[in-house]
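# Remarks on the overall topology
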Amino acid sequence: MSVLLILGMGAAVGFISGLFGIGGGFLMTPLLIFLGIPPAVAVATQSAQIVASSTTSVLGALRRNALDHKLGAILVAGGFVGSALGVWFFAAARRAGQLDLVIVISYVTLFTIVGSLMLKESIREFWHRRKGGAVRLRRRAGEHAPYLGWPLRMRFYRSKLYVSVIPILGLSLFIGFAGALLGIGGGFIVVPALLYIFRVPTTVVVGTSQFQIVCTTLVALILHAITNQAVDMVLAILLIVGGVFGAQFGARMGRHLRAELFRFLLALLLLAVGLRFGLELVLKPEEPFSISVQEVRQ
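Each chain carries its own residue numbering, running from 1 in the written order of its sequence. Reporting of local features is limited, given that this is a predicted model, to residues whose pLDDT is at least 70; pairs of side-chain atoms are given and counted only at 80 or more, and all residues count toward the totals for whole chains, interfaces and linings. Only hydrogens and water are set aside; all other atoms, that is, all heavy atoms of the structure, feed into the side-chain values.

## Quick look at the UniProt feature "transmembrane region" (unreviewed entry) in the chain
Rule in force here: UniProt positions are given in the numbering used here, feature names are shortened, and annotations may be inferred rather than shown by experiment. Under the scheme used here, helices are H or I runs from DSSP no shorter than 4 residues and strands are E runs no shorter than 2 residues, and both carry numbers assigned from the N terminus.
As recorded in UniProt, the feature "transmembrane region" (unreviewed entry) lies at residues 73-93, 99-119, 161-190, 196-223, 230-249 and 261-279. Helix makes up 73% of residues 161-190 and strand 13%. Its end C-alpha atoms lie 16 Å apart. Secondary structure within residues 196-223 divides into 86% helix and 0% strand; the distance between the first and last C-alpha atoms comes to 32 Å.

## Concerning the packing of aromatic side chains
Basically, it comes down to this: Here the aromatic set is Phe, Tyr and Trp, taking the six-membered ring for Trp, and pairing holds for ring centres within 6.5 Å; pairs whose planes are under 30 degrees apart are stacked, those over 60 apart are edge-to-face, and all others are tilted. Burial classes follow relative accessibility: with a 1.4 Å probe on protein chains only, a residue under 20% of its type's maximum area counts as buried, one over 50% as exposed, and anything between as partly exposed. Only when the NZ atom of a Lys or the CZ atom of an Arg is both within 6 Å of the ring centre and within 35 degrees of the ring normal do we say a charge sits over the ring.
By the definition in use, this model includes four aromatic pairs. Look at F34 and F277: their rings are 5.1 Å apart centre to centre, the planes differ by 45 degrees, and that puts the pair in the tilted class. Linking F34 in helix 2 (residues 25-34) with F277 in helix 10 (residues 259-282), this pair joins segments that are 243 residues apart in sequence. The exposure class of F34 is partly exposed, given its relative accessible area of 30%. With a centroid separation of 5.0 Å and an interplanar angle of 70 degrees, the aromatic rings of Y107 and F111 are classed as edge-to-face. Of this pair, Y107 and F111 both sit in helix 5 (residues 99-130), separated by four residues, roughly a single helical turn. F111 gets classed as buried once you look at its relative accessible area, which sits at 0%. Site record: aromatic cluster; members linked through ring pairs are F34, Y107, F111 and F277. One Lys or Arg, R155, reaches over the ring of Y162 and ends 4.2 Å from the middle of that ring.

## Focus on the side chain of Q212
Note the cut-off: By the convention used here, residues are in contact when the closest approach between their heavy atoms is within 4.5 Å.
The residue Q212 is located in helix 8 (residues 202-228) in this model. On the basis of relative accessibility, which here comes to 1%, the residue Q212 falls in the buried class. In this structure Q212 touches L75, V76, G79, S172, I175 and V190, once residues within four positions along its chain are discounted.

## Topic: empty space enclosed by the protein
So the rule is basically this: Only protein atoms enter the 1 Å grid used here, on which a cavity is any set of points holding a 1.4 Å probe that cannot leave and a pocket is any open set flanked by protein within 12 Å on both sides along at least five of seven lines; residues with an atom within 4 Å of a point are listed as lining. Grid points are joined across faces, edges and corners, and a volume is the space filled by probe spheres set on the points. Here the nonpolar group is Ala, Val, Leu, Ile, Met, Phe, Trp, Tyr, Cys and Pro; Asp, Glu, Lys and Arg are the charged ones; every other residue, Gly included, is treated as polar.
In this structure the tally under the stated criterion is two cavities of 30 Å³ or more. Here the largest cavity defines a volume of roughly 60 Å³. For the largest cavity, the full set of lining residues is S47, S83, I175, G176, G179, A180, I184, G185, T216, T217 and A220. Mapped by element, the contributors of at least two residues to the lining of the largest cavity are helix 6 (165-182) and helix 8. Examining the composition of the lining of the largest cavity, we find that four residues originate from one element, helix 6, more than from any other. The class makeup of the residues in the lining of the largest cavity is four nonpolar, seven polar and no charged.

## Focus on a nonpolar patch on the surface
Just so we agree on the cut-off: Like-charged residues are merged into a patch within 9 Å and nonpolar side chains (Val, Leu, Ile, Met, Phe, Trp, Tyr) within 5 Å, provided each residue has over 30% relative accessible area and no salt bridge. Residue exposure ignores everything except the shown protein chains as possible cover, and the areas themselves are Shrake-Rupley values with a 1.4 Å probe. Whenever a carboxyl oxygen of Asp or Glu lies within 4 Å of a side-chain nitrogen of Lys or Arg, that contact is scored as a salt bridge.
Side chains of L101, I105, L275, L279, L281, V282 and L283 sit close together on the surface and give an oily, nonpolar patch of about 650 Å² of accessible area. Every element with two or more residues in the nonpolar patch is listed here: helix 5 and helix 10. The element best represented in the nonpolar patch is helix 10, accounting for four residues. Following the sequence through the fold, L279 ends up in helix 10.

## Some points on the pairing of strand 1 (residues 153-156)
In plain terms, the rule: Two strands make a pair as long as DSSP finds a minimum of two bridges between them.
Where strand 1 meets strand 2 (residues 161-164), four bridges bridge the pair, whose relative direction is antiparallel. Paired with R155 across the strands is Y162, a residue of strand 2. Connecting strand 1 to the next strand, strand 2, in antiparallel fashion are four residues, including K160 with a positive phi near 60 degrees.

In structure tokens form, the structure reads like this:
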């Protein structure tokens, strides 16, 4: 592949990442797959780019005191377990020759659900504003639903939370599993979940989610390199270099986006990627047969 093409892709995805404040792995991984990079290599290599981009966000959050260390530690603990399970499932699907199908179906399902929910929320907010009324919030920061009062409750002072750690661990386990399996950071899931489910104040959401992403993705990257030998370091470095430049311009432009327009554009982006993967399931492939080397254990 052309080096300039990879740098351009990294810059474009970095721009979108900076624009929306997310890792960008959910977009880069599909692009690499569409361009012919084997899914196993695309998923594992993209993890390196996610770690690099998320590290800068975490450092910035630490300087602004916009990080809840206690909540981040709980998210990381569940994410470690989820990442280990995701890498194990990744290797099992690869040995069975079904990894491509698993990745495609997972992307279609996850992106369609998340994108549809975000699109519904953004349209509802836009409609209320157009009618001249303020958007009614069901609960404010610090107010929580009854199902968050399960056992093992813990107090998170920075996030104004006093909730059970069980749903928090469940969320982080799912994000770690999906991140290791699909090569995504999971920011487009963690941020809405912390905002709408746990009602964490906006000031600490991004920093805390990025802290969880960088820790769990780093573990997934190491496990992928050791277990699956699927990390292409040359490709990873080129993606990181391109992404750093693009993210700077995206972050500047993102400051001028309204909240409802922000969610609307991100929802359309998620649905577009999910639709593109959905076409893979129904269109006839150019090569109906493929040759692959199966791993044989002695």
